[in-house]
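Remarks on the overall topology
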Amino acid sequence: MVKGKTKRKLVIILSVFLLALLVILIIIYHINRLYFLPVEQQSAVYYEEGWNMKFPTDMEVVYTTHGELGFQGDGIRYCVFRCNDGTDDFFKDFNKDKSNGFEEEFRSLTIGTDGSENDTALAINVPDKYLPDWTDNYIWKKKEYHGQFDSLYMVFNQKTSQLFVLENSI
C-alpha cells in the first residue's frame with residue numbers, strides 16, 4: 001500500500017516537472033521568435049517599436065541585412081525602404097543641410113573606414129547599390145538613446161524616394 005502511494009506521488013511530481021519544462025521551452029521559443037526575427041521579416045514595425053516612432057505606412061523593403069547580433073539584440077541592422085506617398089509628415093523634422101560628420105559615421109558602420117580597425121570590424125559591408133548616393137539631394141536624421149550607445153541613422157534620397165535606415169545598438 002505504501003509503495004502505491006509513493007509511485008503515484010512520483011508520477012505526479014514527474015508529470016508536473018515535464019509540464020513545467022514544456023511551458024519553459026514554449027516561452028523561450030516565442031521570445032526567440034519575437035526578438036530575433038530573420039532578416040527577411042524585418043520591416044518598419046521593428047524600428048517603430050524599438051524607437052517609439054511612426055514610419056510611413058506605404059513603404060516596401062528593398063534590402064535588409066545585419067551584422068553579428070548579440071544575445072540582447074545589440075549590433076548593427078540596416079534596411080532600405082522605397083517610400084511612396086504620404087511621407088511629408090514623417091520627414092518634416094529631418095535635417096535638410098548635408099553633414100560630412102553624419103556621412104562619415106554612416107559610412108563607417110556600413111562599409112568601414114581605413115582610419116580605424118574598430119570601425120572596419122563593426123562594418124556590415126553593404127553593397128554599393130544599397131548605400132545612399134551622397135552626391136544626390138538627401139535629408140537626414142539621427143536619433144540616440146542611452147547616451148550614444150544606441151543610434152538610429154536615417155537618410156532619405158529625394159531623387160529615388162528611398163529611405164536608408166541604420167541602427168547601431170551597443
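Residues numbered from 1 in each chain as written. Predicted model: local features only at pLDDT ≥ 70, side-chain atom pairs only at ≥ 80, totals over all residues. Heavy atoms only, no water.

1. Overview of the overall build of the protein
Helix and strand counts for the protein stand at four helices and five strands. Starting at the N terminus and ending at the C terminus, the protein contains elements arranged as α-α-β-β-α-α-β-β-β. Counted over contacts in the protein with a minimum sequence separation of 6, partners at least 24 positions apart contribute 58%. Carbon and sulfur atoms provide 56% of the accessible area of the protein, an area that totals close to 11,400 Å². (Helix = DSSP H or I, 4+ residues; strand = E, 2+ residues; numbered from the N terminus. Contact = heavy atoms within 4.5 Å. Areas by Shrake-Rupley, 256 points an atom, 1.4 Å probe, with all protein chains shown as cover.)

2. So, the confidence of the model for the protein
Looking at the protein, pLDDT values average 82 and 81% of them are 70 or higher. Per-element mean pLDDT across the protein ranges from 46 in helix H4 (residues 117-122) up to 94 in strand E4 (residues 150-157). Note that residues 116-121 has pLDDT below 50 and, in this model, five contacts with residues that lie over four places away or in other chains. (pLDDT = per-residue confidence, 0-100.)

3. Some remarks on a nonpolar patch on the surface
A contiguous nonpolar patch, built from Leu14, Phe17, Leu18, Leu21, Ile24, Leu25 and Ile28 and spanning about 680 Å² of accessible area, is present on the exposed surface. Relative to the elements of secondary structure, Phe17 occurs in helix H1 (residues 2-35). (Patch = residues over 30% accessible without salt bridge, like charges linked within 9 Å, V, L, I, M, F, W, Y side chains within 5 Å. Salt bridge = Lys/Arg side-chain N within 4 Å of Asp/Glu carboxyl O.)

4. Quick word on the environment of Cys83
Considering the arrangement of structural elements, one finds Cys83 in strand E2 (residues 75-83). For Cys83, a relative accessible area of 4% corresponds to the buried category. Look past the residues within four positions of Cys83 in its chain and what remains in contact with it is Asp58, Met59, Phe91, Phe156, Ser161 and Leu163. (Buried < 20%, exposed > 50% of the residue type's maximum accessible area, 1.4 Å probe, protein only.)

5. Here's the deal with the sheet that holds E4
Across the sheet, which stays open at both edges, the five strands sit in the order E1-E2-E5-E4-E3 with antiparallel pairing between neighbours. Taken across any chain shown, the strands that pair with only one partner, and hence form the sheet edges, are strand E1 (59-66) and strand E3 (138-145). Each strand axis lies, on average, 15° off the axis of its neighbour in the sheet, ignoring direction. One ladder, built from seven bridges, connects E1 with E2; its direction is antiparallel. Its bridge partner being in E2, His66 is matched across the sheet by Arg77. Of the strands in this sheet, E1, E2, E3, E4 and strand E5 (162-169) are in contact with helix H2 (residues 44-51), which crosses E2 at around 125°. (Pairing = 2+ DSSP bridges. Axes fitted to C-alpha atoms, helices over the stretch in contact; angles between N-to-C directions.)

6. Describing the pattern of salt bridges
Throughout the structure, instances matching the rule amount to nine salt bridges. Between Glu103 and Arg107 there is a salt bridge whose closest N-O contact spans 3.3 Å. Here Arg107 and Glu103 lie together in helix H3 (residues 100-110), a separation of four residues that amounts to about one turn. Accessibility expressed as a relative area gives 27% for Arg107, which makes it partly exposed. Between Glu105 and Lys142 there is a salt bridge whose closest N-O contact spans 2.6 Å. Of this pair, Glu105 sits in helix H3 while Lys142 sits in strand E3; the two residues are 37 residues apart in sequence, bridging distant segments of the chain.

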